[in-house]
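Take a look at the letters that make up each chain.
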Amino acid sequence: MDSFRLSRIYAQGWNTAHGLSSEEREGLEPGGAAARNPYAGEPERSRWSEGFAKALGK
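Residues numbered from 1 in each chain as written. Predicted model: local features only at pLDDT ≥ 70, side-chain atom pairs only at ≥ 80, totals over all residues. Heavy atoms only, no water.

Caption draft 1: Spatial organisation of the overall build of the protein chain. Counting its secondary structure elements, the protein chain contains four helices and zero strands. Starting at the N terminus and ending at the C terminus, the protein chain contains elements arranged as α-α-α-α. Here the C-alpha radius of gyration of the protein chain, 11 Å, is about what a compact globule of 58 residues would show, namely 10 Å. Principal-axis analysis of the C-alpha atoms places the extent of the protein chain at approximately 35 × 15 × 15 Å. Evaluated residue by residue, the protein chain yields a buried proportion of 26% over its 58 residues. Of the contacts formed within the protein chain by residues at least 6 apart in sequence, a portion of 70% connects residues at least 24 apart. Within the protein chain, one finds 8 positive and 8 negative side-chain charges whose respective centroids are separated by 4 Å. (Helix = DSSP H or I, 4+ residues; strand = E, 2+ residues; numbered from the N terminus. Rg over C-alpha atoms; globule rule 2.2 N^0.38 Å. Buried < 20%, exposed > 50% of the residue type's maximum accessible area, 1.4 Å probe, protein only. Contact = heavy atoms within 4.5 Å. Lys, Arg positive; Asp, Glu negative; His and termini not counted. Charge placed at Lys NZ, Arg CZ, Asp CG, Glu CD.)

Printed below as a string of structure tokens:
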């Protein structure tokens, strides 16, 4: 997997988190990010999750 593709996957996670309303962010259940993650395999799944979490300030 090349680093450019992984950076795009990170950005997808980031953008998904930024697309949530404030109510959706507040009501995000533990594991809620995992349910939104479209990737099943590694390292894609971890990169998407990292982008999502960073966008939420975690």
